[in-house]
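Next come the chains, spelled out residue by residue.
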Amino acid sequence: MNELDNLARDLGAALLARGEWLTAAESCTGGWLAQSVTAIAGSSGWFERGFVTYSNAAKVEMLGVPETTLERHGAVSEATARAMAQGALAHSHADWAVAITGIAGPSGGSPEKPVGTVCFAWAAKGGACEAQTRHFAGDRAAVREQSVRHALNGLLQRLAASPLIA
């Protein structure tokens, strides 16, 4: 097993032990996080659904991201990541959501948001929604893989620090 497999397996064990469910809202990773967790046997007992919302229209239509958020902050922003995570919870039966939106490259970057800029959000049903921005190095595949790894690690950390969701 590789590192992503191990993280996904550990995440699944933690969610299963808690009786809780996960949903994912992905943009630049294009479903890689969902693929990683569904590669684990038994993931149907803890992974509820995934949303691949690559375009702004998909973010609005599938997750309810406000157009004003996209206009003010852009698709690659903590505000959009938060709205994606909250939208994934609102449009699923999950207890936890993770959102990933970024610029994997090789083009699309700017001085303010260079290639490798990725925004994340983690949300718990009825609880906090935390966001953060990371800058990853490497080619498109490397940025995407590092993003999935960071998102899974973030979920594990938040599960470990959180009481059970009723």
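Residues numbered from 1 in each chain as written. Predicted model: local features only at pLDDT ≥ 70, side-chain atom pairs only at ≥ 80, totals over all residues. Heavy atoms only, no water.

Draft legend 1. Layout of the pairing of strand β1 (residues 22-26). Taken across its five residues, β1 has five buried, putting it largely inside the fold. Residue alternation in β1 divides its side chains into two sets, L22, A24 and E26 and T23 and A25, and both sets are buried. Pairing of β1 with strand β2 (residues 47-52), which is carried by five bridges, proceeds in the parallel orientation. Residue pairing in the sheet places A24 in a bridge with G50 of β2. What joins β1 to β2 is helix α2 (residues 32-38), and the crossover it makes is right-handed. Here β1 runs beside strand β3 (residues 96-102); their pairing, made up of five bridges, is parallel. Bridge pairing in β3 links E26 to I100. (Buried < 20%, exposed > 50% of the residue type's maximum accessible area, 1.4 Å probe, protein only. Helix = DSSP H or I, 4+ residues; strand = E, 2+ residues; numbered from the N terminus. Pairing = 2+ DSSP bridges. Right-handed = clockwise from strand over helix to strand, strands pointing away.)

Draft legend 2. Spotlight on the sheet that holds strand β5 (residues 129-135). With mixed pairing, the five strands of this open sheet are ordered in space as β2-β1-β3-β4-β5. The open sheet terminates on both sides in strands that have one partner only, identified here as β2 and β5. Put simply, the sheet's adjacent strands are angled 15° from each other on average, direction ignored. Strand contacts of helix α6 (residues 140-161): β1, β3, β4 (117-124) and β5, with the helix running at about 25° to β4, the strand carrying the most contacts. (Axes fitted to C-alpha atoms, helices over the stretch in contact; angles between N-to-C directions. Contact = heavy atoms within 4.5 Å.)

Draft legend 3. Expanded view of the pairing of β5. Pairing of β4 with β5, which is carried by seven bridges, proceeds in the antiparallel orientation. Paired with W122 across the bridge in β5 is E130. Where β4 folds back on β5, the antiparallel hairpin that results is connected by four residues, among which G126 adopts a positive phi of roughly 70°.

Draft legend 4. Molecular detail of α6. With 22 residues, α6 should reach 32 Å at 1.5 Å per residue; the first-to-last C-alpha distance of 32 Å fits that figure. Of the positions making up α6, those classed as buried are V143, S147, V148, H150, A151, L152, G154, L155, R158 and L159. Contacts from the buried residues of α6 go to α1 (3-18), β1, α2, β3, β4 and β5. (Expected span 1.5 Å × (residues − 1).)

Draft legend 5. A look at the state of the cysteines. As enumerated under the stated definition, the model contains zero disulfides in all. Considering cysteine sulfurs only, C119 is the nearest to C28, which forms no disulfide, with 9.1 Å between them. Just so you know, C129 is unpaired, no disulfide at all, and the nearest cysteine sulfur is the one on C119, 12 Å from it. (Disulfide = S-S within 2.5 Å.)

Draft legend 6. Focus on the packing of aromatic side chains. For the structure on display, the rule yields two aromatic pairs. On the numbers, 5.8 Å between centres and 10° between planes, the contact of F120 with W122 is stacked. Per residue, the accessibility class of F120 equals that of W122, and both read buried. Between F120 and F136 the ring centres are 6.2 Å apart and the planes differ by 85°, which places this aromatic pair in the edge-to-face class. Within this pair, whereas F120 is found in strand β4, its partner F136 is found in the loop between β5 and α6, the two being separated by 16 residues in sequence. By the burial criterion, F120 is buried, and F136 matches it. Among the aromatic residues, ring-to-ring pairing joins F120, W122 and F136 into one connected group. (Phe/Tyr/Trp six-rings, centres within 6.5 Å; stacked < 30°, edge-to-face > 60°.)

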